[in-house]
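Single-letter residue listing:
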Amino acid sequence: NARTGEPLWRVPLAKAGISVTVLVHPQRQTVVAIYGTPYEPGEMVAMRIPDVEPAPGQPGPVVVERQSVEVWANDLSTSASSPILVGDTIYVVKEKGELVAVDVASGRILWGVPLGIEQRNSSPLFADGRIYVPILDNPTGKDQGASTEAGTRGGFYIIEPSAQEGKILSHLELEGRCFGTPVAY
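The notes below deal with the structure included here. (Residues numbered from 1 in each chain as written. Predicted model: local features only at pLDDT ≥ 70, side-chain atom pairs only at ≥ 80, totals over all residues. Heavy atoms only, no water.)

## Re the overall build of the chain
Of regular secondary structure, the chain possesses one helix and 15 strands. Reported as C-alpha extents along the three principal axes, the dimensions of the chain are approximately 65 × 35 × 30 Å. Buried positions account for 41% of the 185 residues belonging to the chain. Within the chain, counting contacts between residues at least 6 apart in sequence, those at least 24 apart form 49% of the total. Here the chain has roughly 10,500 Å² of accessible surface; of this, 50% comes from carbon and sulfur atoms. Taken as two groups, the 15 positive and 21 negative side-chain charges of the chain have centres that lie 1 Å from each other. (Helix = DSSP H or I, 4+ residues; strand = E, 2+ residues; numbered from the N terminus. Buried < 20%, exposed > 50% of the residue type's maximum accessible area, 1.4 Å probe, protein only. Contact = heavy atoms within 4.5 Å. Areas by Shrake-Rupley, 256 points an atom, 1.4 Å probe, with all protein chains shown as cover. Lys, Arg positive; Asp, Glu negative; His and termini not counted. Charge placed at Lys NZ, Arg CZ, Asp CG, Glu CD.)

## Some thoughts on the sheet that holds strand E9 (residues 89-93)
With antiparallel pairing, the four strands of this open sheet are ordered in space as E8-E9-E10-E11. One side of each edge strand has no neighbouring strand; the edge strands of this open sheet are strand E8 (84-86) and strand E11 (109-114). For this sheet, the mean angle separating the axes of adjacent strands, direction not counted, is 20 degrees. By the bridge criterion, five bridges tie strand E10 (residues 98-103) to E11 in an arrangement that is antiparallel. Paired with Glu 98 across the bridge in E11 is Pro 114. (Pairing = 2+ DSSP bridges. Axes fitted to C-alpha atoms, helices over the stretch in contact; angles between N-to-C directions.)

## Quick look at the pattern of salt bridges
The tally for this structure, following the rule as stated, stands at seven salt bridges. Of the charged contacts, one joins Asp 88 and Arg 28 as a salt bridge, the two residues approaching to 3.9 Å between their closest N and O atoms. Of this pair, Asp 88 sits in the loop between E8 and E9 while Arg 28 sits in the loop between strand E3 (23-25) and strand E4 (30-36), and the two are 60 residues apart along the sequence. Of the residues examined, Asp 88 reaches a relative accessible area of 35% and is grouped as partly exposed. The partner of Glu 43 in a salt bridge is Arg 66, with the nearest N and O atoms 2.7 Å apart. With a gap of 23 residues between them, Glu 43 in strand E5 (residues 43-48) and Arg 66 in helix H1 (residues 66-69) connect regions that are remote in the sequence. Owing to a relative accessible area of 19%, Glu 43 belongs among the buried residues under this scheme. When its relative accessible area of 14% is taken as the criterion, Arg 66 is described as buried. The network of salt bridges with common partners includes Glu 43, Arg 66 and Glu 70. (Salt bridge = Lys/Arg side-chain N within 4 Å of Asp/Glu carboxyl O.)

Written as structure tokens, this is what we have:
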């Protein structure tokens with residue numbers, strides 16, 4: 001309830017997981033949620049927005065069964081990078097640094113482009129027809145002969161999205177790992 005802050009409904013998705021920001025597609029009356037952990041796979045799930053609320057005088061939220069509202073689900077998961085919605089396409093960076101485009105109506109993965117080794121906390125930004133993607137660990141940010149542990153440099157990409165692919169327009173290696181999300185001004 002936007003006026004009181006009280007929850008109206010809840011859809012249990014998993015027993016454990018780290019949830020990121022949900023997307024709302026108002027024209028489709030759909031909520032898209034992603035959950036997962038660095039150690040256990042999660043999912044991306046689209047659900048119809050339930051038209052329920054607690055009965056007068058009853059505490060909320062109303063628990064809604066996932067099966068009754070699920071539109072689609074796929075095996076994409078992330079533990080910290082929030083998705084963005086541009087038109088009818090969702091863009092998100094997977095746990096291992098791959099930017100993927102997903103059709104919001106069907107959940108079908110349209111394309112993916114590998115950008116980094118690992119992704120945490122930072123999320124993509126869409127502005128001026130481009131996707132700006134910070135990456136925690138840049139593929140070239142590891143010293144030669146280094147172990148499989150994380151690198152010391154982050155990366156920043158500018159991607160031109162289309163229906164068929166994500167084209168890398170620019171790539172910059174950053175000093176230090178990248179945990180932040182870009183901001184447009």
